[in-house]
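Inside the fold
Okay, here's what each chain looks like letter by letter:
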Amino acid sequence: MEAADSRNKLHSHLRLWEFPDQYVIEPADGSGAPCLDISRVDASMKLIDQVAECNSLRVPKIQPIFGVVGMLKLLAGSYLVVVTETERVGSFLGHPIFKITSLKVLPCDHSLKNSPEEQKKMETEFSKLLSVAEKTTGLYFSYEVNLTLSSQRLHDLGDDSKSLPLWRQAEPRFLWNNYMLEVLIDNKLDQFLLPVIQGNILFNQFFETAIGRDIVNITLIARRCTRRNGTRMWRRGADLDGYVANFVETEQIVQMNGYSSSFVQVRGSMPFMWEQIVDLTYKPKFQIVQPEEATRIAERHFLDLRKKYGSVLAVDLVNKHGGEGRLSEKYASVMQHITGDEIRYLHFDFHRICGHIHFERLSILYEQIEGFLEQNGYFLLNEKGEKMKEQLGVVRTNCIDCLDRTNVTQSMIGRKMLELQLKRIGVFGAEETISSHPNFDERYKILWANHGDDVSIQYSGTPALKGDFVRYGHRTTHGVLKDGWSSLVRYYLNNFADGTKQDAIDLLQGHYIVAVSRDVAPVPQKGGIEAIANFPVALAVVLLSFWFATMSLRQAGSDYKHRHLFFSLLWTGICVGVAALVRANGRIFCNRPRLHKPRG
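Residues numbered from 1 in each chain as written. Predicted model: local features only at pLDDT ≥ 70, side-chain atom pairs only at ≥ 80, totals over all residues. Heavy atoms only, no water.

Things to note about the overall build of the protein chain
What the protein chain contains, in helices and strands, is 18 helices and 23 strands. A total of about 27200 Å² of accessible surface is found on the protein chain, and carbon and sulfur atoms cover 53% of it. (Helix = DSSP H or I, 4+ residues; strand = E, 2+ residues; numbered from the N terminus. Areas by Shrake-Rupley, 256 points an atom, 1.4 Å probe, with all protein chains shown as cover.)

Some details on the nonpolar core
Counting residues in each nonpolar core, the largest one holds 42 residues, and the members touching the most others are Leu 365 and Ile 369. Counting residues per element, the ones that place at least two in this core are β12 (214-224), β13 (248-256), β14 (259-267), β17 (311-316), α9 (350-354), α10 (362-376), α11 (404-425) and α12 (438-460). For this core, the leading source of residues is α11, giving seven residues. Apart from residues lying up to four places away in sequence, Leu 365 is in contact with Val 315, Leu 317, Leu 346, Phe 348, Thr 409 and Met 412. Grouped together as the second largest cluster of nonpolar side chains are 30 residues, Val 83, Leu 130, Met 180 and Val 196 included. (Core = buried A, V, L, I, M, F, W, Y, C linked by side-chain atoms within 4.5 Å. Buried < 20%, exposed > 50% of the residue type's maximum accessible area, 1.4 Å probe, protein only. Contact = heavy atoms within 4.5 Å.)

Topic: the sheet that holds strand β3 (residues 35-39)
Read across the open sheet, the five strands follow the order β4-β3-β2-β1-β5; overall the sheet is antiparallel. Each having just a single partner strand, β4 (45-48) and β5 (61-65) make up the two edges of the open sheet. The mean inter-strand angle of the sheet, taken between neighbouring strand axes irrespective of direction, is 25°. Bridging between strand β1 (residues 14-18) and strand β2 (residues 22-27) involves five bridges; their strand directions are antiparallel. Pairing of Leu 16 across the sheet is with Ile 25, part of β2. (Pairing = 2+ DSSP bridges. Axes fitted to C-alpha atoms, helices over the stretch in contact; angles between N-to-C directions.)

Considerations on empty space enclosed by the protein
To find the voids left in a structure, one rolls a probe of water-molecule size over its atoms. In total, this model carries seven cavities of 30 Å³ or more according to the counting rule given. Reported here for the largest cavity is a volume of approximately 50 Å³. Around the largest cavity, the lining residues are Phe 141, Ser 142, Val 145, Asn 146, Leu 147, Thr 148, Leu 166, Pro 195, Val 196 and Ile 197. Looking at the lining of the largest cavity residue by residue, the classes come out as seven nonpolar, three polar and no charged. (1 Å grid on protein atoms, 1.4 Å probe; cavity = no way out; pocket = protein on both sides within 12 Å on 5 of 7 lines; lining within 4 Å. Points joined across faces, edges and corners; volume = space filled by probe spheres on them. Nonpolar A, V, L, I, M, F, W, Y, C, P; charged D, E, K, R; others polar.)

Some remarks on the packing of helix α7 (residues 294-309) against helix α8 (residues 322-335)
Where α7 contacts α8, the two axes come as close as 9 Å, and the packing angle between them is 70°. Comparing their axes, α8 and α7 come out roughly perpendicular. As α7 packs across α8, the resulting crossing turns out to be right-handed. For the pair formed by α7 and α8, the contact residues are Ala 294, Thr 295, Ala 298 and Phe 302 on the first element and Lys 330, Tyr 331, Val 334 and Met 335 on the second. Classifying every residue of the contact of α7 with α8 gives six nonpolar, one polar and one charged. (Parallel < 35°, antiparallel > 145°, perpendicular 65-115°, else oblique. Left-handed = near helix turned anticlockwise from the far one by under 90°.)

Details of helix α15 (residues 498-509)
The terminal C-alpha atoms of α15, which comprises twelve residues, lie 16 Å apart, in line with the 16 Å expected from a rise of 1.5 Å per residue. Across the twelve residues that make up α15, a large majority, ten, are buried. Taken together, the buried positions of α15 are Asp 498, Gly 499, Gln 502, Asp 503, Ala 504, Ile 505, Asp 506, Leu 507, Leu 508 and Gln 509. Two residues or fewer after α15 comes Gly 510, characterised by a positive phi angle close to 75°. (Expected span 1.5 Å × (residues − 1).)

A word on the pattern of salt bridges
Here the structure, examined in full by the defined rule, presents 21 salt bridges. The partner of Glu 18 in a salt bridge is Lys 104, and the shortest N-O contact between them spans 3.3 Å. Remark: Lys 104 occurs in strand β8 (residues 95-108) and Glu 18 occurs in strand β1; sequence separation between them is 86 residues. Given a relative accessible area of 13%, Glu 18 falls into the buried group. With a closest N to O distance of 3.1 Å, Arg 490 and Asp 404 form a salt bridge. (Salt bridge = Lys/Arg side-chain N within 4 Å of Asp/Glu carboxyl O.)

Take it as geometry only, folks, not as evidence of what the structure does.
The structure is reproduced here in structure tokens:
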């Protein structure tokens, strides 16, 4: 096994040589292992013994890198993605964990020189999405341990599996660069294959809190599923295979006195096909798609959860009335055909019961799920690393976005389970709670608030709403104002930025593979107002329309109100027209349907 481990060990220090006609990635860890040679003409790969000699005609640019994320192929060129900057954030099971702080895309597109002019233009348009990809947040990796598996699943891996390369051990749905690694896998480059997850690992908020004589270490890990990855308004509901938007596995790990324990819960969009078409309204209408397929899709989703987690309790937090009510009614109707001993469904109208400030009323929900939590438990290892207890089921929580209400609810569940774990080990007495230890309580709230913010930023672009309750235990004026600002930012991102970001995500995840049809449509040249249509223009018109409308109505006498109201509405119409024009030009994949095809 040691020989296998050594052979499959990832290179932790690399040196990138950028020659005019090739990239060479040299192991700089003293292993003497072969270098990876990548052609800048056709992206072909091979291993070479050493870097070729330099001369005045081939002067390389040299820089350290920390891993190869993968390769993407567009119309004519391919693009290598590497890690250029990292930050060590802590350790997991004794192994260092790193956060990616900078990615770099290296083009292998010299063959473009011989491509038709229209193809060159389209290649340029698609390659611009890679600059969006370089800004992807929440990426983590380890050279030594599999981050895609929970502590329980990692413990249950057999010795044969543990001796495999990390990418082969990985859970594909949580492997962020799964698609980008395919070319390297085909070339059998195991020592260069860096598995990356998206989510968060809050070692930077890792803390040790003394409770009497005991030291308690707590870590939160979020693993974002890549199957239906995307942005808030552009990825809703489920696909036909039962994969849902914003599916995140959250693991809370507790270590103390040699004991190690973890508790896993999940979140994800309602598991049937529904959507919100971005139309410049603050809250676009909810639309249920292919309702006749809803039950089959939900069955697939929950069957997958059963296989991976055991029993499932689905907690639905959406409103019973209004647009959300239609979705909740459909969800409840579908679950009637699925629920049984191993799959349960519970609706809890968060806004009706808790309102906007009384989140302590979540205790009502806890009373309803307490039996399930105690029955299905958590994972626990003793000082010898022996399994004393295992988690047999999972709570699946959702609201509309699976962000704000879900964050508050999951933090409450995590808190209650931590108290059970501490009592089980003997740290807490029968009536003792986290609130009994103010320092511990404060830092635990901050940990969960930061966790919620990170998950929210990746999906919506802003920190979580209602985060002040998670952070302080009550709502604050500052928190309410911050939520208002975040809501406005979300509106802007939904309408003017997330479409392009969604295209970049689809490209990286392989949900759409760029291809050229026989009759490639020419890239239309933008002219006139299209050439200058962008968000600043739309924003300027919005502000002008509000200003003119306000001044007009203030100065108008009663006899002229209708006339001034007409001009106010005219300005509003112009505003909406410009903004709609911006949106119409916002997405490549929507406007270039013949340049891509669904993967698989």
